[in-house]
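Chains, contacts and geometry: an overview
So you can see what is in the structure, the chains are spelled out below.
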Amino acid sequence: MTGTWVDIAFGVFAVAAAWFGWRVFVTDSMVRATFSLLASFLNVGAILVLLLAEYLGVAMFFMMGVEMTVMAIYMVAFMMNPAGLNPMQMVHQPRVAVVVGVLSTAGFGAVALAADLDTVAIVDPDGTIRALGHELMGSSMLVMQVVGVTLVATMVGAVVLSAASGRFGPADVGSVPPAIVPGDDTTRPGVDVGGDGGGHDHDHGHGGGAHGHDDGGDA
Amino acid sequence: MTVVTVLLVAAVLLGIGTWGVLSQQSFVMIMMGFELAINGVMLAAGALWRFTSGGEPRGQVLVVVAMLVMAVEAAIGFALVVAVSRARRADTTEGIAELRR
C-alpha cells in the first residue's frame, strides 16, 4: 500500500478503535460491551499491521478473538443484564472518572506532541517478522522463557483461585461467615435463600421459631 | 500516519480505559477498562518501534511482554471474580465492602 492509502486506513482504524473503546462503557448490554472491546482490539491489531508489526497484529487478532469470546460467555454466566434488555447504569464516582480520563489523555497526548522523536526508517521492512523470530528464539530467549513460566504459573494460579474444591475440602471454608444456627446454611449471613425474593430476610419462612431465635412473630 | 498521530490514538485509548476502570462497578467491566488501557500501551510501544527504532526487533519483544501482562491480567482476574462471586455472592466492588463497616 502506498502512503495515502495507509493514512486513510489508519484514520479509519484509529477512529473505530477509539469509538468502540468508548462504546464498551456506555452500552447497556454486557455482551455488546465485550464485543465492542473486541472490535477495538481488532482495529488496534490492524493498525499494528499497518505499522509493519504483522506478527503482533495477527497475534492480537487471534488472542483477542478467543479472550473476548470467553469473556462474553462469562458475562452470560455470571453477570446481570447480559443482553441489555433493561437500561443500566452501574457506575460510581462518574465525574471524577471522566476528569481523570480526560486529564490522562491530555497528559499523554501532550507528551506525544512535545516529545522530539526522530523518525528512523526501518532498515529491512520486508524482514521484520524474520528478525523478530530470530530475536525471540535467539538473544531474547530468556524473555520467552520467563513469558512461558509466567503463563504456566498463571494457569496454576487461575485453577487454584477458581476451584470450588480445595485440596483439604471446600475452598471457601473460613472465607464465609458462619451460620447463625449451626448446621443450617440458610441462616448464614449474606446467603440469599432461594425463591423468597426477600434477599437478606433470613428469618422468613423456616418454621416459626423452631430454631429458638426470634422470628419477629412475638407481637 | 506519523509517530505523533499513533501516540495520540494510544493516549485516547489509555484515557478511555482509565475512565472505565474508575467509573465502573462490575468487576468484569473494570477488567475491560484495564485491557483497553493495555491496548493503548501496546499501540504506543508498536508506534515507537516502527518510527524510532529502525526495525530493532527487541522493540517488538516489549509488545509481546505487554501482551503477556494482558493475558495474565485476564486469567487471574477471571479466577478472582469467580472466587469472590463464590465466597461473597458479589459481582460489583460495592458488594465486598464489609471491612468498611
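Residues numbered from 1 in each chain as written. Chains lettered and ligands numbered in written order. Predicted model: local features only at pLDDT ≥ 70, side-chain atom pairs only at ≥ 80, totals over all residues. Heavy atoms only, no water.

Each helix and strand counted, chain A has six helices and two strands in total. Starting at the N terminus and walking to the C terminus, you meet the elements of chain A as α-α-α-α-α-α-β-β. Looking at the 219 residues of chain A, the share that counts as buried comes to 31%. Here the contacts in chain A between residues at least 6 apart in sequence split such that 43% fall between residues at least 24 apart. Carbon and sulfur atoms make up 67% of the accessible area of chain A, which totals about 13,000 Å². (Helix = DSSP H or I, 4+ residues; strand = E, 2+ residues; numbered from the N terminus. Buried < 20%, exposed > 50% of the residue type's maximum accessible area, 1.4 Å probe, protein only. Contact = heavy atoms within 4.5 Å. Areas by Shrake-Rupley, 256 points an atom, 1.4 Å probe, with all protein chains shown as cover.)

Our next topic: the overall build of chain B. Each helix and strand counted, chain B has three helices and zero strands in total. Compactness check: chain B gives a C-alpha radius of gyration of 17 Å against a globular reference of 13 Å for 101 residues, more than 25% above the reference. In terms of principal-axis extent, the alpha carbons of chain B reach across some 55 × 20 × 20 Å. Taking all 101 residues of chain B together, the buried fraction comes to 64%. (Rg over C-alpha atoms; globule rule 2.2 N^0.38 Å.)

This part covers the packing of helix H2 (residues 30–50) of chain A against helix H3 (residues 54–78) of chain A. Residues and elements named next belong to chain A. Between H2 and H3, the shortest axis-to-axis distance is 8 Å and the interhelical angle comes to 175°. Regarding the angle of H2 to H3, the classification is roughly antiparallel. A per-class count over the contact of H2 with H3 returns 20 nonpolar, four polar and one charged. (Axes fitted to C-alpha atoms, helices over the stretch in contact; angles between N-to-C directions. Parallel < 35°, antiparallel > 145°, perpendicular 65-115°, else oblique. Nonpolar A, V, L, I, M, F, W, Y, C, P; charged D, E, K, R; others polar.)

Moving on, we get to the interface of chain A and chain B. Listed by partner, the interface residues are 82 residues for chain A and 72 residues for chain B. Across the interface of chain A and chain B, roughly 6,700 Å² is buried in total on both sides, 76% from carbon and sulfur atoms. When the buried surface of chain A facing chain B is broken down by residue, Phe25(A), Leu51(A) and His92(A) rank first, second and third, together holding 11% of it. On inspection of chain A and its partner chain B, the count reaches 10 residue pairs in polar contact (both at pLDDT 80 or more). Counting only elements with at least two residues in the side of chain A that touches chain B, the list comes to helix H1 (3–24), H2, H3, helix H4 (94–114), helix H5 (128–137) and helix H6 (141–162) of chain A. The leading source of residues in the side of chain A that touches chain B is H3(A), at 12 residues. (Buried area = accessible area lost by both parts, 1.4 Å probe. Polar contact = N/O pair within 3.5 Å; in protein donor to acceptor, adjacent residues only side chain to side chain.)

In this fold, Ser23(B) is placed in helix H1 (residues 3–23). Take Ser23(B): its relative accessible area is 2%, and that puts it in the buried class. Among residues more than four places away in sequence, those in contact with Ser23(B) are Met90(A), Val91(A), His92(A) and Ala97(A).

If you trace the backbone, Glu135(A) turns up in helix H5. With residues near it in sequence (within four places) discarded, Glu135(A) still touches Ser140(A), Met141(A), Glu56(B), Pro57(B), Arg58(B) and Val61(B). In this structure the side chain of Glu135(A) is engaged in a polar contact, spanning 3.1 Å, whose partner is the side chain of Ser139(A).

One can find Leu51(A) in the loop between H2 and H3. Remark: the alpha-carbon pair of Leu51(A) and Val6(A), spanning 45 residues in sequence, is separated by 9.3 Å. Residues contacting Leu51(A), with those up to four places away along its chain left out, are Met1(B), Val6(B), Leu43(B), Gly46(B), Ala47(B), Trp49(B), Arg50(B) and Phe51(B).

Where nonpolar side chains cluster on the molecular surface, the patch consists of Leu151(A), Val152(A), Met155(A), Val156(A) and Val160(A) and spans about 460 Å² of accessible area. By the secondary structure assignment, Val160(A) is in helix H6. (Patch = residues over 30% accessible without salt bridge, like charges linked within 9 Å, V, L, I, M, F, W, Y side chains within 5 Å. Salt bridge = Lys/Arg side-chain N within 4 Å of Asp/Glu carboxyl O.)

This next bit is on the packing of aromatic side chains. For the structure on display, the rule yields three aromatic pairs over all chains. Judged by centre distance (5.7 Å) and plane angle (75°), the rings of Phe25(A) and Trp19(B) are edge-to-face. One end of the pair, Phe25(A), is in the loop between H1 and H2; the other, Trp19(B), is in helix H1, on a second chain. Each member of the pair Phe25(A) and Trp19(B) is classed as buried. Taking the centre distance of 4.4 Å and the plane angle of 45° together, the rings of Tyr74(A) and Phe78(B) count as tilted. Of this pair, Tyr74(A) sits in helix H3 while Phe78(B) sits in helix H3 (residues 58–88), placing the two residues on different chains. Over the aromatic face of Phe51(B) sits the side chain of Arg50(B), whose NZ or CZ is 4.9 Å from the ring centroid. (Phe/Tyr/Trp six-rings, centres within 6.5 Å; stacked < 30°, edge-to-face > 60°. Lys NZ or Arg CZ within 6 Å of the ring centre and 35° of its normal.)

Time to look at the packing of H1(A) against H2(A). To characterise two packed helices, one gives the angle between the axes of the helices and the distance between these axes. Residues and elements named next belong to chain A. Viewed as axis vectors pointing N to C, H1 and H2 meet at an angle of 155°, and their least axial separation amounts to 8 Å. By the angle between their directions, the pair H1 and H2 is classed as roughly antiparallel. Along this stretch, H1 crosses H2, giving a crossing that reads as left-handed. Along the contact surface, H1 presents Val6, Ala9, Phe10, Phe13, Ala14, Ala16, Ala17, Phe20, Gly21, Arg23 and Val24, while H2 presents Ala33, Ser36, Leu37, Ala39, Ser40, Asn43, Val44, Ala46, Ile47 and Leu50. (Left-handed = near helix turned anticlockwise from the far one by under 90°.)

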